[in-house]
Amino acid sequence: MAEVMSMEDIRTEAARLNIDLSGVDWNSIRLPPGEDCGIKSDDDDLNEEDSLEFDAGFGNIIIVDNLPVVPREKFEKLEGVVRKIYSQIGVIKENGLWMPVDEDTGKTRGYCFIEYNTPQEAELAKEKTNGYKLDRAHIFAVNMFDEIDRFMKVPDEWAPPESRPYTPGENLQRWLTDEKGRDQFVIRAGSDTEVLWNDARQVKADPVYKRPFWTESFVQWSPLGTYLATVHRQGAAVWGGATTFNRLMRYAHPQVKLIDFSPGEKYLVTYSSHEPSNPRDTHRVVLNIFDVRTGKVMRDFKGSADEFAIGGTGGFTGVSWPVFKWGGGKEDKYFARMGKNVISVYDTESFGLIDKKSIKVENVMDFSWSPTDSIFALFVPELGGGNQPARVSLFQIPSKVELRQKNLFSVSDCKMYWQSNGEYLAVKVDRYTKTKKSTYTGFELFRIKERDIPIEVFELDNKNDKVISFAWEPKGHRFAVIHGDNPRPDVSFYSVKGGKVTKLTTLKQKQANALFWSPSGRFINLAGLKGFNGQLEFYNVDELETMATAEHFMATDIEWDPTGRYVATSVTSVHEMENGFNIWSFNGKLLYRILKDHFFQFLWRPRPPSFLSPEKEEEIFKNLKKYSKKYDVQDQDISVLLSEQDREKRKQLKDDWERWVNEWKRYHEQEKMERQMLRDGEASDVEEEYEAKEIEVEELLDVSEEIIQDA
């Protein structure tokens, strides 16, 4: 076996041989057959563990069963009917339709083989026609040829599966028991993915786990922080733990592009898009919903990109993402998608449509679930040139009862914002003026938990102000709005407590275009991203005062840690310079900074909800000084330790300086005789002891001889 070298050794050896690694085409390197350089591939156990079988060359062939059995004189007619049905789905190869004939009777055998150009067309044909009713006596049963091949390999005699001894795995919540109460985060830079502790009291990031080429595109934490998902060409995988991050499960989905967890981490949705064989056709989309723990596919959805291009915020090839939105809170009871004039709601018991039918809503444009309850809000724009007003409606699931409806007039655009506890829904409505030449903004506030769901209409002091950003306070009753048309807009804070909207304050002319509330409320970061070059203002909404202002030049992303104690700002590789991240305290003190070339991602590890009741949390907050005494002592010890480390560092710097000075004094003394010789025997090195003398030197520059003749 070949000698194994680390990447650092390779770089060192390349530098010694004067080889520029950036010019090396790594894809052109081929290992000898059977050589793996001693590195076990993550994919080696794909077949061993999961017994997955891949395309063996017959993935584009389907078998259609339950065809009519007909004599030879009706053979051509039956073939024409079958060809007409299946040629609408994809291109059938030349001589790609074959119906076996019984030699004894001269009749067809009741099934046929159809060969398409691509496996995607064959899969679509199976999906669309399995169960197709040709007539009352003939209902098609369609299978992939590869599936039949596997069925034929089933042994005749049953053998019990091999039993394996149970080995307990790592407690996946152990990271929550960190004695220092720290939080973890994951970063991606270059080819490396790394998980670290945020050790803010030690003013550093403490490494936990690092792995090169861990993912092929991005990583994603599950909503409760239990799993870290990675994405690969063969599918997705989840990893877990506090320090080891072992792989827990794989989800086979070739060419997966996007993934999405359900809020309770029970299910994982994977998405892929495939090029059509006919350039005029749209991309083919495949969506799988996996059980996270077992890896079983609970439901799959396949079709053209056009079928999944409605709703969501963005995706690939025109498909909006996420395709499915989850409802019912952390219990993962329901998921839904929006189609043309319908909203399809599925339950996770059967993974089928509730009541086996979708909710018909003419021209529906958007919908959004409550974060906590089985309620969703939908928006329908104006119809019939304004004769039928726009509306926002609330629906209860699974009853599909409409709880509340509000008609809206002269609507240009509408956006919905749920408060994190599902207590309030704010609907931002942009309306046309009477002249239709401009718009103004207002808000409809739904109080979801109150009787009959009262609605309050609310407008800014200047309703013509453009609304740049809106954000609810998590678990609270306040919200913030950035508004105005000036280069420096205003920021206003409001409260909805007490049954009415009350303005708290307005901050004039701020360099801000984004709002980031602390997860625990109370504090907010007013951020100026993009054109404002990373301006930051840390604001206390309880006291209505600015705690600090700062700047992270060219910052692209801002994220609070799940406890609301720290803020991370980062500059990703969209900028070529200053890539890396800063960690700040909640009140705006810069704790530490780490620079990373080719920096791609920074993600805090989410925490699950607290088991404490709101009353207990309130009691702890009121008696925080009593509970914090223990930690004040620890903080004091750490402060002393850091001061001692700082003194040691300064002492080390001083010792290094003195060592350097003494070394140069020694060199100076060794060269004394040589300097004296250069000064013609003058012994002193002190310039003030020198005597300046003027010396006249006669120098013969030229001699010329001229002969003078007598007159």
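Just above, that's the structure.
Summarised in this report is the structure supplied together with it. (Residues numbered from 1 in each chain as written. Predicted model: local features only at pLDDT ≥ 70, side-chain atom pairs only at ≥ 80, totals over all residues. Heavy atoms only, no water.)

Examining the pattern of salt bridges
So the rule is basically this: Whenever a carboxyl oxygen of Asp or Glu lies within 4 Å of a side-chain nitrogen of Lys or Arg, that contact is scored as a salt bridge. Under the DSSP-based scheme used, a helix requires at least four consecutive residues in state H or I and a strand at least two consecutive residues in state E, with every element numbered from the N terminus. Relative accessibility decides the category of a residue: with a 1.4 Å probe and only protein chains considered, values under 20% of the type maximum give buried, values over 50% give exposed, and everything between is partly exposed.
Counting across every chain of the model gives 37 salt bridges. Put simply, Lys596 and Glu194 hold a salt bridge, and the shortest N to O gap is 3.9 Å. One end of the pair, Lys596, is in the loop between β41 (590-595) and β42 (599-604); the other, Glu194, is in strand β8 (residues 192-199), and 402 residues separate them in sequence. Residue Lys596 is classed as partly exposed on the basis of its relative accessible area of 25%. Overall, the relative accessible area of 10% leaves Glu194 in the buried class.

With respect to the sheet that holds strand β6 (residues 141-144)
Strand pairing within a sheet occurs via backbone hydrogen bonds; the two strands may be parallel or antiparallel. Here is the rule: The criterion for strand pairing is that DSSP finds at least two bridges linking the strands in question. As a rule, the C-alpha atoms of each element are fitted with a line to give its axis, helices using only the stretch in contact, and angles between N-to-C directions run from 0 to 180 degrees. Every residue pair with non-hydrogen atoms within 4.5 Å of one another is taken to be in contact.
Spatial ordering of the open sheet is given by β2-β3-β1-β6, a layout of four strands whose pairing is antiparallel. The strands lining the two open edges of the sheet, one partner per strand, are β2 (92-98) and β6. Going from strand to strand, the sheet's axes swing by 20° on average, the running direction of each strand aside. As paired elements, strand β1 (residues 61-65) and strand β3 (residues 111-116) share five bridges and run antiparallel to each other. Among the inter-strand pairings, Asp65 is bridged to a residue of β3, identified as Tyr111. Sheet strands in contact with helix α3 (residues 75-87) are β1, β2, β3 and β6, and its direction is about 135° off that of β2. Helix α4 (residues 119-129) rests against β1, β3 and β6 of the sheet, and its axis sits at about 155° to β6.

Remarks on the sheet that holds strand β36 (residues 535-540)
Reading across from one edge, β34-β35-β36-β37 is the order of the four strands in this open sheet, with antiparallel pairing throughout. Each end of this open sheet is capped by a strand with a single partner; those strands are β34 (514-517) and β37 (545-551). Here the average twist between neighbouring strands, direction ignored, is 20°. Pairing geometry for strand β35 (residues 523-528) and β36, over six bridges, is antiparallel. By the bridge assignment, Ile524 is partnered in β36 with Tyr539.

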